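# Observations on the three-dimensional arrangement
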Amino acid sequence: MKEAKYIWKDGQLVEWKNATVHILTHTLHYGNGVFEGTRAYKGKNSKFAIFRLQDHTKRLIDSCKITALKCPYTQEQLEQAQIELLRANLDSFDGNVYIRPLVYLGYGAMGMDLRKPPVNVAIAAWEWGAYLGEDAINNGIKVKTSSFARNSVKSTLNKAKAVSNYLNSQMAKYEALECGFEEALMLDENGFVAEGSAECVFIVRNGVLITPPHDYALESITQDTVVQIAKDMGISVVERRITRDEFYIADEAFFTGTAAEITPIASLDFRNIGNGQVGEMTKALQKRFFDIVQGRDEKFDHFLTYID
Ligand SMILES: Cc1ncc(COP(=O)(O)O)c(C=O)c1O
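Because the structure is predicted, anything quoted here is derived from the model rather than measured.

### Structural notes on the environment of isoleucine 210
Within the secondary structure, isoleucine 210 sits in strand β12 (residues 208–211). Distance in space between the C-alpha atoms of isoleucine 210 and serine 236 is 8.6 Å, their sequence separation being 26 residues.

### Some words on the domain arrangement of the protein chain
Per the domain assignment, the segments making up the protein chain are domain 1 (6–127) and domain 2 (134–293). Between domain 1 and domain 2, the C-alpha centre-to-centre distance is 26 Å. On the side of domain 2, 21 residues touch domain 1, which itself brings 19 residues to the contact. Taken together, the two surfaces of domain 1 and domain 2 that pack against each other cover about 1800 Å², and 64% of this comes from carbon and sulfur. The interface formed by domain 1 and domain 2 holds two salt bridges in total. Between aspartate 224 and arginine 52 there is a salt bridge; the shortest N-O distance is 2.8 Å. Between the two partners, domain 1 and domain 2, sit eleven residue pairs in polar contact (both at pLDDT 80 or more). When contributions to the side of domain 1 that touches domain 2 are tallied by element, the ones reaching two or more residues are β3 (33–35), β4 (38–42), α2 (53–66) and β6 (97–105). Sort the elements by how many residues they give to the side of domain 1 that touches domain 2 and α2 lands first, with five residues. The residue makeup of the side of domain 1 that touches domain 2, split by class, is seven nonpolar, seven polar and five charged.

### Considerations on helix α8 (residues 280–293)
With 14 residues, α8 extends 20 Å between its outermost C-alpha atoms, agreeing within 8% with the 20 Å of an ideal straight helix rising 1.5 Å per residue. Counting buried residues along α8, ten of its 14 residues qualify, which places the element largely inside the surrounding structure. Of the positions making up α8, those classed as buried are Met281, Thr282, Leu285, Gln286, Arg288, Phe289, Phe290, Asp291, Ile292 and Val293. Phi turns positive, to about 75 degrees, at glycine 295, one or two residues after α8.

### Let's talk about the layout of surface pockets
When its volume is computed, the largest pocket comes out at roughly 590 Å³. Contributing to the lining of the largest pocket are 33 residues, with Phe35, Lys161, Tyr166, Ser197 and Ala198 lying nearest its centre. Looking at the lining of the largest pocket, the elements with two or more residues in it are α2, β6, α5 (166–178), β10 (193–196), α6 (221–232) and β14 (252–257). When residues in the lining of the largest pocket are grouped by element, the largest group, four residues, is from α5. A breakdown of the residues in the lining of the largest pocket according to their chemical character gives twelve nonpolar, 14 polar and seven charged. Split by domain, the residues of the lining of the largest pocket number at least three in each of domain 1 (6–127) and domain 2 (134–293).

### Some remarks on the side chain of serine 92
Here serine 92 shows up in the loop between α3 (75–89) and β6. Judged by relative accessible area, serine 92 falls into the buried class, the value being 16%. A polar contact is formed between the side chain of serine 92 and the backbone nitrogen of lysine 5, at a distance of 3.4 Å.

### Considering the environment of valine 193
The topology assignment puts valine 193 in strand β10. Among the residues examined, valine 193 registers a relative accessible area of 4% and is labelled buried. Note: C-alpha distance between valine 193 and phenylalanine 270 (77 residues apart in sequence) is 17 Å. Discounting residues that sit within four places of it in the chain, valine 193 has contacts with Leu185, Met186, Leu187, Val201, Pro212, Ile242, Thr243, Arg244 and Phe247.

### So, a nonpolar patch on the surface
The grouping of Val21, Ile23, Leu24, Leu28, Tyr30, Tyr107, Met110 and Met112 at the surface amounts to a nonpolar patch, some 830 Å² of accessible area in total. Checked against the element boundaries, valine 21 lands in the loop between β2 (12–15) and α1 (26–30). Judged by relative accessible area, which is 46%, valine 21 ranks as partly exposed.

### Re the state of the cysteines
One way to say it: the disulfide is the covalent bond shared by the sulfur atoms of two cysteines. Going through the model one piece at a time under the given rule, you end up with zero disulfides. Cysteine 71 takes part in no disulfide bond, and the closest cysteine sulfur to it belongs to cysteine 64, at a distance of 4.5 Å.

### Details of the site of the ligand
Contacts to the ligand come from 16 residues, most closely from Lys161, Tyr166, Glu195, Thr222 and Thr258. Contact between the ligand and tyrosine 166: an oxygen atom at 2.5 Å from a side-chain N or O atom of the residue. Its residues placed into classes, the shell around the ligand shows five nonpolar, six polar and five charged.

Here is what the cut-offs are and how they apply
Residues numbered from 1 in each chain as written. Predicted model: local features only at pLDDT ≥ 70, side-chain atom pairs only at ≥ 80, totals over all residues. Heavy atoms only, no water. Helix = DSSP H or I, 4+ residues; strand = E, 2+ residues; numbered from the N terminus. Domains from an automatic or database assignment. Contact = heavy atoms within 4.5 Å. Buried area = accessible area lost by both parts, 1.4 Å probe. Salt bridge = Lys/Arg side-chain N within 4 Å of Asp/Glu carboxyl O. Polar contact = N/O pair within 3.5 Å; in protein donor to acceptor, adjacent residues only side chain to side chain. Nonpolar A, V, L, I, M, F, W, Y, C, P; charged D, E, K, R; others polar. Expected span 1.5 Å × (residues − 1). Buried < 20%, exposed > 50% of the residue type's maximum accessible area, 1.4 Å probe, protein only. 1 Å grid on protein atoms, 1.4 Å probe; cavity = no way out; pocket = protein on both sides within 12 Å on 5 of 7 lines; lining within 4 Å. Points joined across faces, edges and corners; volume = space filled by probe spheres on them. Patch = residues over 30% accessible without salt bridge, like charges linked within 9 Å, V, L, I, M, F, W, Y side chains within 5 Å. Areas by Shrake-Rupley, 256 points an atom, 1.4 Å probe, with all protein chains shown as cover. Disulfide = S-S within 2.5 Å. Near = heavy atom within 4 Å.

Okay, structure coming up:
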């Protein structure tokens, strides 16, 4: 990880190495915390711009509400904090930046009563390139259907970007990597396609772009962006359930996420998707997406918050 200079911690900019927590931090033990993942790209006039800052920060506030964390800052204050942090670290960044706000239960009380420990907030930002690698973006990845079902809606709060939800993701990713794949595709408890370990998913069949509903997936901001781009490009988009066998016979498929951006899927469970190459629709959507996040598309410029 490429370190930056400062981390925002409970209202102060502190030096990266000093942004530490006590070993009895509540979230470390019991897993109630929520976070965001937001990207800032170098765009117009080489200025950094945060992509969909308001939407990511709103989702953080919503995640707090779902998990009963009383965030001590407003959405507006958290947005300003992210801008302030980027400004303070600008000298540390050459390439694209990943921003990680985290709301967690701190030091002061143990046990299951989440009302007792303090609620702390930290925001880190560091330079982070393509999550699954440049080659993944250009040539696609090999994916395995996970033996782990996505978190059940009967017991987990999937609309929250909650720390604890990512145990399920890590188990799926670990299994996929150890089996020689690059990412996991997770099915819901009824066997329908849910999402990747940290990405939403799309397939293309007969010129139609298809993505599963959010019942078992995070309400993804990149997925929403892709849907908006596709509609703007005149592509039909359908939100409906997808089965594993339908995925095998898709013409194209790709993952979407803030970290993963638009990563094509070359194969699933040893079956090539289409001819195993990156499909034409995927390429067109990728190009438009990178134009938008890098400030080359006036129509979607409202998604960008420039850092002066
Ligand atoms: C489980 C999960 N699903 C989907 C996504 C994609 O969401 P977004 O596009 O908002 O980053 C992410 C990443 O944040 C994720 O962790």
